[in-house]
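Listed here are the chains, written in short residue letters.
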Amino acid sequence: MRPASALIDLDGLRHNYRLARKTSGSRALAVIKADAYGHGAVRCAHALADEADGFAVACIEEALELRAAGIRAPILLLEGFFEPNELELIVHHQLWCVVHSIWQIEAIERSGLSQPLTIWLKLDSGMHRVGLHPADYQAARQRLMNCGKVAKIVLMSHFARADELDCPRSAEQLAVFRQACDSIEAEISLRNSPAILGWPQLFEKPNPNDWARPGLMLYGASPFEEPHPVAAQLRPVMTLSSRVIAVRELPAGEPVGYGAHFVSQRPTRVGVVAMGYADGYPRHAPTGTPVQVDGLSSQLIGRVSMDMLTVDLTDLPGTGLGSQVELWGQHVPINEIAQRAGTIPYQILCNLKRVSRQYSPH
Ligand SMILES: Cc1ncc(COP(=O)(O)O)c(C=O)c1O
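Residues numbered from 1 in each chain as written. Predicted model: local features only at pLDDT ≥ 70, side-chain atom pairs only at ≥ 80, totals over all residues. Heavy atoms only, no water.

Participant: Looking at this model, I keep getting lost on the nonpolar core. Mind explaining?
Facilitator: When a protein is soluble and globular, its nonpolar side chains tend to lie buried together. Core analysis: the largest hydrophobic core is formed by 114 residues, its most contacted members being I32, I108, I119, Y281 and W328. Apart from residues no more than four positions distant in its own chain, W328 is found in contact with M238, T239, L240, G280, Y281, P282, I334, I337, I348, L349 and L352. In this structure, V256, F262, V270 and I301 belong to the second largest nonpolar core, which totals five residues. (Core = buried A, V, L, I, M, F, W, Y, C linked by side-chain atoms within 4.5 Å. Buried < 20%, exposed > 50% of the residue type's maximum accessible area, 1.4 Å probe, protein only. Contact = heavy atoms within 4.5 Å.)

Shown next, in the form of structure tokens:
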């Protein structure tokens, strides 16, 4: 069997959830969309079931998978419904639903719902992706309250630049949100991982009844490019590993891999590892990207190919055929892989495929 595998540390996940809750000072919906950022949504939801205040996913398909697996906690659909015919299912499965557009309000008004909905009404406070315009927000809320099909409305928005710790935009977005919600008494939900970790000064007196929405931090990756003291307390949840399946001894001056991107400068021992971009390892990770081989630090050499990549074993004499290689996880920070590959840990984690997942504790 191909030796590539991802070990998911469910205790680490629980630790990170508790850190998110404690740091935010409020309730927290664990964001487990995109199959829990590649970690397996059902397993992660079960692992968090006894402590998470609820879960958030991107769409009803993801929510129904959780319900079918026996998850009874609240589940929020972060983009609400895409078609009005989802509304009956939303009610039937007791899902919470974001409303971000006027067409959704009209659909709710026209619906013949058998039970009232819990709505999270999304304001566009400056990200300009989805959400109602500040000038329309109060009227939209009033319409929903008057239509007889809504039991409760949570006020929400989303930060665009909370991962940039010296950027004034989050404070500006918060000011827009506060103004748009002026004089409304309701639970609010604003904070994703970078806002929870990086902007405590904006939320000095958090209401314990409000809601944070941590995603990335649950999986132990930092949303920031620079070191951060609270992010440093996160535990990496996924450790991606494989094994050396072949070894090459090359003299100086020999190329390795597609495009001859690496040429040996000295006699070089090359380890070929069963891991490639078809597994989700980033193809743009260059020579020098860190790995660990049998617990020792080494680095990628040459281009990543579809099913294999090559690492330098020259200075690791005890390593060879069958050696265990950590691509990211407990010892190799995923943030560093992302930076080297010119991407973000979100994308790397979500791209993982074909690799078998194992969970600890079982
Ligand atoms: C609306 C919303 N809230 C929360 C999150 C979680 O964000 P993060 O993974 O940065 O914590 C996301 C993720 O993209 C999102 O779209």
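Participant: What should I look at first to understand the pattern of salt bridges in this one?
Facilitator: If you walk through the whole model with that rule in mind, you get 16 salt bridges. Among the charged side chains, a network of salt bridges with common partners joins R2, D279, D307 and R354. (Salt bridge = Lys/Arg side-chain N within 4 Å of Asp/Glu carboxyl O.)

Participant: Even after reading the chapter, I still don't get the side chain of H158, so can you show me in this structure?
Facilitator: Summarising the element assignment, H158 is placed in the loop between β7 (150-156) and α8 (169-180). Reaching out from H158, the side chain makes a polar contact with the side chain of R213 at a distance of 3.0 Å. Contact partners of H158, with chain neighbours within four places excluded, come to K122, S125, M127, R129, Q173, L190, N192 and R213. (Helix = DSSP H or I, 4+ residues; strand = E, 2+ residues; numbered from the N terminus. Polar contact = N/O pair within 3.5 Å; in protein donor to acceptor, adjacent residues only side chain to side chain.)

Participant: Help me understand helix α10 (residues 334-341), please; the structure alone is not making it clear to me.
Facilitator: Since there are 3.6 residues in each turn of an α-helix, residues three or four apart along the chain are aligned in direction. Taken as a whole, α10 has its buried residues at I334, N335, I337, A338 and A341. Here the buried residues of α10 occupy an arc of 160 degrees about the axis, which is enough to place them on one side. Check the buried side of α10 and you find it contacts β14 (290-293), β17 (324-328) and α11 (345-350). Immediately downstream of α10, the backbone of G342 shows phi near 70 degrees, a positive value. (Arc of directions from axis to C-beta.)

Participant: I keep staring at the environment of G38 and nothing clicks. Help me out?
Facilitator: As for its position among the elements, G38 is in helix α2 (residues 33-38). With a relative accessible area of 5%, G38 lands in the buried category. When the C-alpha positions of G38 and Y219 are compared, they lie 9.6 Å apart, and in sequence the two are 181 residues distant. Residues contacting G38, with those up to four places away along its chain left out, are M238, L349, C350, L352 and R357.

Participant: I tried to follow the environment of P333 on my own but got confused; where do I start?
Facilitator: If you trace the backbone, P333 turns up in the loop between β17 and α10. Exposure remark for P333: the relative accessible area of 40% places this residue in the partly exposed category. Considered as a pair, P333 and E249 are 84 residues apart in the sequence and their alpha carbons are 29 Å apart.

Participant: Is there a simple way to think about the packing of helix α1 (residues 10-24) against helix α3 (residues 41-48) in this case?
Facilitator: Two quantities define a packed helix pair, namely the angle between the helix axes and the distance between the axes. Following both chains from N to C, one finds α1 and α3 inclined at 60 degrees, their axes separated by 10 Å at the closest point. Considered as vectors, α1 and α3 are oriented oblique to each other. In this structure, α1 meets α3 at a crossing whose hand is right-handed. Residues L10, L13, R14 and Y17 of α1 lie in contact with α3, whose contacting residues are R43, C44, A47 and L48. (Axes fitted to C-alpha atoms, helices over the stretch in contact; angles between N-to-C directions. Parallel < 35°, antiparallel > 145°, perpendicular 65-115°, else oblique. Left-handed = near helix turned anticlockwise from the far one by under 90°.)

None of this, on its own, says anything about what the molecule does.
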